[in-house]
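Structural features, examined
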Amino acid sequence: MKIEFTLNGIHRVIESAPTEPAWPHLAEEGAREGRCRGGNCLRCAVLLGDRPVPSCILPVYRLQGAHVTTLVGMGENPLFLDIMRAFDKVGISRCEDALPGLVMLAYQIISEKSIPSDMDIQDYSRYLVTRCAGRDEFERAVRLAGRLQGRRKADRRERVSR
Ligand code: FES
């Protein structure tokens, strides 16, 4: 099957059996394979549109027409930078095993809820399992990143209205 998609902003065309896992086709742009290969550890997480998904269990046909972003591709994205600032401030380690899943979940929460409530954060992260960051730390970091993002948007509005 011929599949066309965008990976970190670059148009890609691949040939693959439709139900093969997507991960090998995303690896050169930084998607990492984790140990579980079952959708649990989120080391292999990528954004499919705005949603984090484990690429080890994502069938390749789901890439058709999609915009896929790996951690590498988030590079200068302002929300990504706010999330990384918040993670550093709270003391969440940059552990390779946990970072993709944590960052992409934080990205989804703030993208969908703007300034998320405690309930929102708890709701989105209820299945989050990681040894590298406590749930409390993660929740604090998401709240902080949401505030940083909100402040940046307010500054931008103020500049535009002048
Ligand atoms: S390898 Fe663990 S979720 Fe993909």
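Up top is the structure these notes are about.
Our subject in this report is the structure included herewith.

Calculation notes
Residue indices follow the written sequence of each chain, beginning from 1 at its first position. The model is predicted, so local features are restricted to residues of pLDDT at least 70 and side-chain atom pairs to those at 80 or more, both for listing and for counting; the totals for chains, interfaces and linings are taken over all residues. Numbering of helices and strands starts at the N terminus; helices are DSSP runs of H or I of at least 4 residues and strands are runs of E of at least 2. Based on C-alpha atoms, the radius of gyration is set beside the globule rule, defined as 2.2 Å times the residue count to the power 0.38. Working definition of burial: number of other C-beta atoms within 10 Å of the residue's own, with buried at 20 or more, exposed at 12 or fewer, and partly exposed in between, all C-beta atoms being placed from the backbone. Working definition of a contact: two residues with C-beta atoms, positioned from the backbone, lying within 7 Å. To get an axis, a line is fitted to the C-alpha atoms, and for a helix only the part in contact is used. The angle between two axes follows their N-to-C directions and goes from 0 to 180 degrees. Here the angle decides the label: under 35 degrees means roughly parallel, over 145 means roughly antiparallel, 65 to 115 means roughly perpendicular, and every other value means oblique. In this scheme the crossing of two helices becomes right-handed for a clockwise turn of the near helix relative to the far one and left-handed for an anticlockwise turn of less than a right angle. Nonpolar residues are Ala, Val, Leu, Ile, Met, Phe, Trp, Tyr, Cys and Pro. Charged residues are Asp, Glu, Lys and Arg, and all others, Gly as well, are polar.

Quick notes on the overall build of the chain
Helices and strands together make up the secondary structure of the chain, namely six helices and five strands. The secondary structure elements of the chain, listed N-terminal to C-terminal, are β-β-α-β-β-β-α-α-α-α-α. Taking 15 Å as the expected radius of gyration for a compact globule of 162 residues, we find that the chain reaches 16 Å, a close match to that expectation. Every one of the 162 residues in the chain was classed for burial, and the buried ones make up 37%. Pairs at least 24 apart in sequence give 62% of the contacts found in the chain among residues at least 6 apart.

What to know about the environment of Pro18
Along the chain, Pro18 falls in the loop between strand S2 (10-15) and helix H1 (23-26). For Pro18, a count of 12 C-beta atoms within 10 Å gives the class exposed. Taking the C-alpha atoms as reference points, Pro18 and Ile3, separated by 15 residues in sequence, lie 8.6 Å from one another. Contacts of Pro18, omitting those with residues within four sequence positions, involve Met1, Pro59, Val60 and Tyr61.

Concerning the packing of helix H4 (residues 99-113) against helix H6 (residues 135-161)
H6 packs onto H4 with a crossing angle of 50° between their chain directions and a minimal axis gap of 10 Å. Judged on the interaxial angle alone, H6 and H4 are oblique. Note that H4 runs across H6; the crossing there is right-handed. Contacts between H4 and H6 involve Leu102, Ala106, Ile109 and Ile110 on the former and, on the latter, Phe138, Ala141, Val142, Ala145, Gly146 and Gln149. Here the contact of H4 with H6 is built from residues that sort into eight nonpolar, two polar and no charged.

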